Amino acid sequence: MYHKKHLIFLLPLLFISLFVFSSSNTSYGAELPDLTNTDIQAPDSVYAGQSILVKITNWNTGAATSDDAGYKDTLYLSQDTAIDDSDQILYTNRQTAPREANTPLNLSIPVLIPADTAAGYYNLIFVTDSSKELSELDEDNNILSKGILIQRDTTPPLINSIDPAPGAFNVGSAKAIKVSFNEDIKTGNLWIDLVNGNGAKVAYTTAISSNTLTITPIHPLPQSLYTLTLHPGAVTDQSGNPNSLIVSSFTVSIYRIDIIHYGTGGDIRKNKLVYKNLPKTTLTNQILAAAKKGTPMVTFGDGSGPRVMVVAGVHGNEVPAVIAAMRLINNLSKTSIKGTIYVVPFAIPSATARKSRYWKGANPNQVANKPGTPTNKIITLARQFNVNALGDFHSTKPRGVPGKTSILCTRYPTYESYKMALSISQQTRNSLISQHQAGASYPGAVEDVCNLAGIPAVTCEVKSRHNTVAPGSVTSSYNQMIALLRYMALL
Ligand SMILES: [Zn+2]
């Protein structure tokens, strides 16, 4: 019944239409194009200042192709459904490609809702052939509109995440910093500071993609603490609300593990007292894996000065210093330093694994002047790297030599050995044991061979019986290492 009723109403209309065409445009009417919009899609609500995509489906429902002269499309933002001078033009574009009869054209139009738009209900009104240049079958079906709620965003953009995370350690040197907000952002005053641990500014480039600001240092970052500051208004949200002050720090750590001498490899895990006291980290595991092959050395820094070498485990039956060296390595991997630190935590891993003082029947601290020995190799590298100071860390049994927690040095020929020992002694309150001439009492000792070669060196001892860890001895040994690094201005 419903359909029949409609037909009855439509039939007279059809006759009227035919009559209108036959009376005005008898010969051309049916061959005109007719543009009409069949669909308009856009978000139902939007913030002023935000960009949106408006999708239009436009058909030529006429019988003819539109001509080459083309026509213009316009998208308005209006507070009502009619177009007048108060309406804002969001988009206008000339279509020059001929439009074939009975074909659709899909348009995806990115438009910016002006940031100063007052809140309220509006209409997006799309008008095809808005200048009425085209002769169409029907000139009155060119408009389609959609309602849209425009709101004002008065909330500043807030941080979603920062990568590297605030306080992050072990950040790689080629890291790009990403600051993500809870909404899309755009360029503000871009007042951004990236400074290293010495307060020096680091050069960078910036890029913004939707809600993320990416800050890319121009050069790889050397090992250091870095602080990123986004001053207020560095970026804004789409409505122009500025970010609040953002400050975040992270640490770039660069280290490498090398095997500097083969034929000394050993499984440190076999020395249960040593192993149980080591920090349980990936870095520790990497070093222990390297120690199976030979003498491992961990380097922090890129070779720039000041350069300091820390050596432990020359005597495989001395436990506190090797544990302290491994703690030092693990802590350095999370710390910013100025310069380069070479740490040899196990001079002879096989001797530490066997809990033995000797290597191939010799006391390693009496053969550092003999080519081919692991201690000689360490000194050769120290010369090669042009290190400014070397500390050799041991432990001494009570009533042994020196028998007490102490810092040993010589004044001649490298007086700096004495100055260094004096400072470490003052910082740690450990005894200072100073001898006049390097090589006189202990020829072939690491410290003496270094001092004779012009590399300022000290021997640091903590009191602990062989193959034991006396209470506090690891901390004492560690503090001696830190005192050396502080004296050399690396920390
Ligand atoms: Zn020793």
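The rules behind each value
Residues numbered from 1 in each chain as written. Predicted model: local features only at pLDDT ≥ 70, side-chain atom pairs only at ≥ 80, totals over all residues. Axes fitted to C-alpha atoms, helices over the stretch in contact; angles between N-to-C directions. Helix = DSSP H or I, 4+ residues; strand = E, 2+ residues; numbered from the N terminus. Parallel < 35°, antiparallel > 145°, perpendicular 65-115°, else oblique. Left-handed = near helix turned anticlockwise from the far one by under 90°. Contact = placed C-beta atoms within 7 Å. Pairing = 2+ DSSP bridges. Buried ≥ 20, exposed ≤ 12 C-beta atoms within 10 Å, placed from the backbone. Core = buried A, V, L, I, M, F, W, Y, C linked by C-beta atoms within 7 Å. pLDDT = per-residue confidence, 0-100. Domains from an automatic or database assignment.

Novice: I tried to follow the packing of helix α7 (residues 416-428) against helix α9 (residues 473-487) on my own but got confused; where do I start?
Specialist: Axes are the key here: two packed helices are described by the angle between their axes and the distance separating the axes. Two elements in contact, α7 and α9, have axes separated by 9 Å at closest approach and are oriented at 125 degrees. In terms of orientation, α7 and α9 fall into the oblique class. Regarding α7 and α9, the two cross each other, and that crossing is right-handed. Mapping the contact onto sequence places Met 420, Ser 423, Ile 424, Gln 427 and Thr 428 in α7 and Asn 479, Gln 480, Ala 483, Leu 484, Arg 486 and Tyr 487 in α9.

Novice: Would you take a moment to explain the sheet that holds strand β6 (residues 103-112) for this structure?
Specialist: Hydrogen bonds along the backbone pair up the strands of a sheet, which may run parallel or antiparallel. A sheet is described by the order of its strands in space; here 3 strands give the open sequence β1-β3-β6, paired in antiparallel fashion. Taken across any chain shown, the strands that pair with only one partner, and hence form the sheet edges, are β1 (35-41) and β6. Within the sheet, the average angular offset between the axes of one strand and its neighbour, ignoring direction, is 25 degrees. In the sheet, strand β3 (residues 51-60) pairs with β6 via 10 bridges, with the strands oriented antiparallel. Note that in β6 the partner of Ser 51 across the bridge is Leu 112.

Novice: Even after reading the chapter, I still don't get the pairing of strand β23 (residues 389-396), so can you show me in this structure?
Specialist: In regular strands, side chains alternate between the two faces of the sheet. Counting buried positions over the 8 residues of β23 gives 8, a clear majority of the element. Along β23, one buried face is formed by Ala 389, Gly 391, Phe 393 and Ser 395 and the opposite face, lined by Leu 390, Asp 392, His 394 and Thr 396, is buried too. With 5 bridges joining them, strand β21 (residues 307-312) and β23 adopt parallel strand pairing. Each bridged residue has a counterpart across the sheet, and for Val 308 the counterpart in β23 is Ala 389.

Novice: What should I look at first to understand the packing of helix α4 (residues 320-332) against α9 in this one?
Specialist: Contact pair α4 / α9: the axes reach a minimum separation of 8 Å and the direction vectors enclose 55 degrees. As far as their axial angle goes, α9 and α4 are oblique. Read as a crossing pair, α4 and α9 show a hand that is right-handed. Contacts between α4 and α9 involve Pro 320, Ala 321, Ile 323, Ala 324, Arg 327 and Leu 328 from the former and Ser 473, Val 474, Ser 477, Tyr 478 and Met 481 from the latter.

Novice: Can you walk me through helix α6 (residues 374-384) in this structure?
Specialist: Listing the buried residues of α6 in full gives Pro 374, Thr 375, Lys 377, Ile 378, Ile 379 and Ala 382. Next to the buried residues of α6 lie β19 (255-262), β20 (294-300), β21, β22 (340-344), β23 and α8 (446-452). Looking at the residues trailing α6, positive phi occurs at Asn 386, about 60 degrees.

Novice: How do you make sense of the sheet that holds strand β9 (residues 159-163) when you look at a structure like this?
Specialist: Spatial strand order, β9-β11-β15-β14: 4 strands in an open sheet with antiparallel pairing. In the strand order of this sheet, the two ends are held by β9 and β14 (204-209), each with one partner. Strand after strand, the sheet turns through a mean of 15 degrees between neighbouring axes, direction not considered. Where strand β11 (residues 177-181) and strand β15 (residues 212-217) come together, 4 bridges link them in antiparallel fashion. Bridging from a neighbouring strand, Ile 177 pairs with Ile 215 of β15.

Novice: Is there a simple way to explain the nonpolar core in this structure?
Specialist: Most often, soluble globular proteins keep nonpolar side chains buried together rather than apart. Ranked by internal contacts, the top residues of the largest apolar core, which has 70 residues, are Val 310, Val 311 and Ala 325. Examining the composition of this core, we find that 9 residues originate from one element, α4, more than from any other. Contact partners of Ala 325, with chain neighbours within four places excluded, come to Val 310, Ala 312, Val 343, Pro 345 and Phe 393. Counting 15 residues, the second-largest nonpolar core is a separate cluster that includes Phe 181, Leu 221, Ala 234 and Val 235.

Novice: Please explain the confidence of the model for the protein as it appears in this structure.
Specialist: The predicted coordinates of low-pLDDT regions are not to be read in fine detail. Within the protein, residue pLDDT values average 91, and 94% of them lie at 70 or more. In the model, residues 1-27 has pLDDT below 50 throughout and makes 1 contact with residues more than four positions away in sequence or in other chains.

Novice: What should I look at first to understand the environment of Asp 267 in this one?
Specialist: For Asp 267, the location among the structural elements is in the loop between β19 and α2 (272-276). Along the chain, Asp 267 and Gly 294 lie 27 residues apart, while their C-alpha atoms are 10.0 Å from each other. Filtering out sequence-adjacent residues up to four positions away, Asp 267 remains in contact with Lys 292 and Ala 353.

Novice: What's the story with unusual backbone geometry in this structure? I'm lost.
Specialist: Among all residues save glycine, negative phi is the norm, and among peptide bonds the norm is trans. In this structure, Pro 164 follows Asp 163 across a cis peptide bond, with omega equal to 5 degrees. Take Pro 164: it is sitting in the loop between β9 and β10 (168-171). Looking along the chain, the bond that leaves Val 401 and enters Pro 402 is cis, with omega of 0 degrees. Of note, Pro 402 is situated in the loop between β23 and β24 (406-412). Of note in this structure, Asn 467 is not a glycine but carries a positive phi near 55 degrees. For Asn 467, the position within the fold is in the loop between β26 (457-463) and α9. Note on Asn 467: 17 C-beta atoms within 10 Å, which makes it partly exposed.

Novice: Would you mind showing me how to read the domain arrangement of the protein here?
Specialist: When the parts come together, some accessible area is lost, and that loss is often what is quoted as the size of the interface. Assigned domains of the protein: these are domain 1 (30-151), domain 2 (159-252) and domain 3 (255-487). A straight line from the C-alpha centre of domain 1 to that of domain 3 covers 78 Å.

Novice: Any chance you could explain the environment of Tyr 226 here in plain terms?
Specialist: Note that Tyr 226 resides in strand β16 (residues 224-230). Linking Tyr 226 and Ser 431, residues 205 residues apart in sequence, is a C-alpha distance of 38 Å. Ignoring sequence-local partners within four residues, the contact set of Tyr 226 consists of Leu 194, Val 195, Asn 196, Leu 221, Ser 249, Phe 250 and Val 252.

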